[in-house]
Amino acid sequence: MSVTSTVLTGILTSESVHARELPIESWAYGLIALIIFAVLAFVTASYRDVANRHRAKAEAYAARHGAEHGGH
């Protein structure tokens, strides 16, 4: 019997399967990911339309400084 067949026979006939236990239930990982993505979506949505909140202030600055920066 060759070494390869001995190793394969040992692997195939071994009855002990070492499964790692998770520290929490598997569905909880999905819930945690969903909560994290929801928080990140809220943070992203909070920056929506920030540039337009200060339009009057930007126009006043441009008027005082002669619009030297040109804008976008």
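Rules behind the numbers
Residues numbered from 1 in each chain as written. Predicted model: local features only at pLDDT ≥ 70, side-chain atom pairs only at ≥ 80, totals over all residues. Heavy atoms only, no water. Helix = DSSP H or I, 4+ residues; strand = E, 2+ residues; numbered from the N terminus. Buried < 20%, exposed > 50% of the residue type's maximum accessible area, 1.4 Å probe, protein only. Areas by Shrake-Rupley, 256 points an atom, 1.4 Å probe, with all protein chains shown as cover. pLDDT = per-residue confidence, 0-100. Patch = residues over 30% accessible without salt bridge, like charges linked within 9 Å, V, L, I, M, F, W, Y side chains within 5 Å. Salt bridge = Lys/Arg side-chain N within 4 Å of Asp/Glu carboxyl O.

Turning our attention to the overall build of the chain. The number of helices and strands found in the chain is four helices and zero strands. Counting helices and strands in the order they occur from the N terminus, the chain gives α-α-α-α. The buried share of the chain, taken over its 72 residues, is 1%. Of the accessible surface of the chain, which amounts to about 7200 Å², a share of 65% is contributed by carbon and sulfur atoms.

Across the chain, the average pLDDT comes to 80, with 75% of residues at 70 or higher. Summarising per-element confidence for the chain, the mean pLDDT is lowest in helix H1 (residues 3–13) (69) and highest in helix H2 (residues 26–46) (96).

Taken together, the side chains of Trp27, Leu31, Leu34, Ile35, Val39, Phe42, Val43, Tyr47 and Val50 define a hydrophobic patch exposed on the protein surface, amounting to about 980 Å² of accessible area. Examining the composition of the nonpolar patch, we find that seven residues originate from one element, H2, more than from any other. Of note, phenylalanine 42 is situated in helix H2. Judged by relative accessible area, phenylalanine 42 falls into the exposed class, the value being 63%.

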